[in-house]
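Inside the fold
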Amino acid sequence: QVQLVESGGGLVQPGGSLRLSCAASGSHFSLATMGWYRQAPGKQRDLVASITSGGTTYYVDYVKGRFTISRDNAKNTVYLQMNSLKPEDTAVYYCKARYPWMTVDYWGQGTQVTVSS
């Protein structure tokens, strides 16, 4: 069983920055593809960024150049650095782990990010 715990959310003004962290329990974290998703009220949960075990990253267009996903396998942690935040970035942010030999994905509990003046 894998547990994911997100942290780092909060209230920030437009143009500000936040760094989200997602710590994973268990072994073999380095083999997992990790993703950050977000869900705004009344909307579906969408992928924001992902990083493979080999370090290949993917970003949805509307965060490119502003968000950076990274991982520290020694700490079993994935990060999402968010810069130049906009009010439309307001959402609950979730991390997800996908291990290649598992048939289910693991999700964290989410962390709220609110961008407002």
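Just so it is clear, the structure is predicted and the values come from calculations on it, not from any experiment. (Residues numbered from 1 in each chain as written. Predicted model: local features only at pLDDT ≥ 70, side-chain atom pairs only at ≥ 80, totals over all residues. Heavy atoms only, no water.)

Take the side chain of Thr-111 next. Position of Thr-111 among the secondary structure elements: in strand E11 (residues 111–115). For Thr-111, a relative accessible area of 11% gives the class buried. Polar contacts involving the side chain of Thr-111 include one to the main-chain amide nitrogen of Gly-9, which spans 3.2 Å. (Helix = DSSP H or I, 4+ residues; strand = E, 2+ residues; numbered from the N terminus. Buried < 20%, exposed > 50% of the residue type's maximum accessible area, 1.4 Å probe, protein only. Polar contact = N/O pair within 3.5 Å; in protein donor to acceptor, adjacent residues only side chain to side chain.)

Once that is clear, we can look at the environment of Gln-1. Mapped onto the secondary structure, Gln-1 falls in the segment before strand E1 (4–7). Classification of Gln-1 by relative accessible area gives exposed; the value is 81%. Leaving out residues up to four positions away in the same chain, Gln-1 has contacts with Ser-25 and Tyr-106. (Contact = heavy atoms within 4.5 Å.)

The subject of this paragraph is the state of the cysteines. Throughout this description, disulfide means a covalent bond between two cysteine sulfur atoms. Here the structure, examined in full by the defined rule, presents 1 disulfide. Between the sulfur atoms of Cys-22 and its disulfide mate Cys-95 the distance is 1.9 Å. Judged by the sign of its S-S torsion, about 45°, the cystine formed by Cys-22 and Cys-95 is right-handed. Residue Cys-22 is found in strand E3 (residues 18–24), and its partner Cys-95 is found in strand E9 (residues 91–98); the two are separated by 73 residues along the sequence. (Disulfide = S-S within 2.5 Å.)

In this structure, Leu-4, Met-34, Trp-36, Leu-80, Met-82 and Tyr-93 are the most contacted members of the largest nonpolar core, which totals 31 residues. For this core, the secondary structure elements donating two or more residues are E3, strand E4 (33–39), strand E5 (46–51), strand E7 (67–72), strand E8 (77–82), E9 and E11. Contacts of Leu-4, omitting those with residues within four sequence positions, involve Cys-22, Ala-23, Ala-24, Met-34, Cys-95, Lys-96, Ala-97, Tyr-106, Trp-107, Gly-108 and Gln-109. (Core = buried A, V, L, I, M, F, W, Y, C linked by side-chain atoms within 4.5 Å.)

Once that is clear, we can look at the environment of Ala-74. Structurally, Ala-74 is set in the loop between E7 and E8. Here Ala-74 falls in the exposed class, since its relative accessible area comes to 77%. Each C-alpha atom of the pair Ala-74 and Ser-84 lies 29 Å from the other, and the pair is 10 residues apart in sequence.

As far as function goes, none of this settles anything; it's purely spatial.
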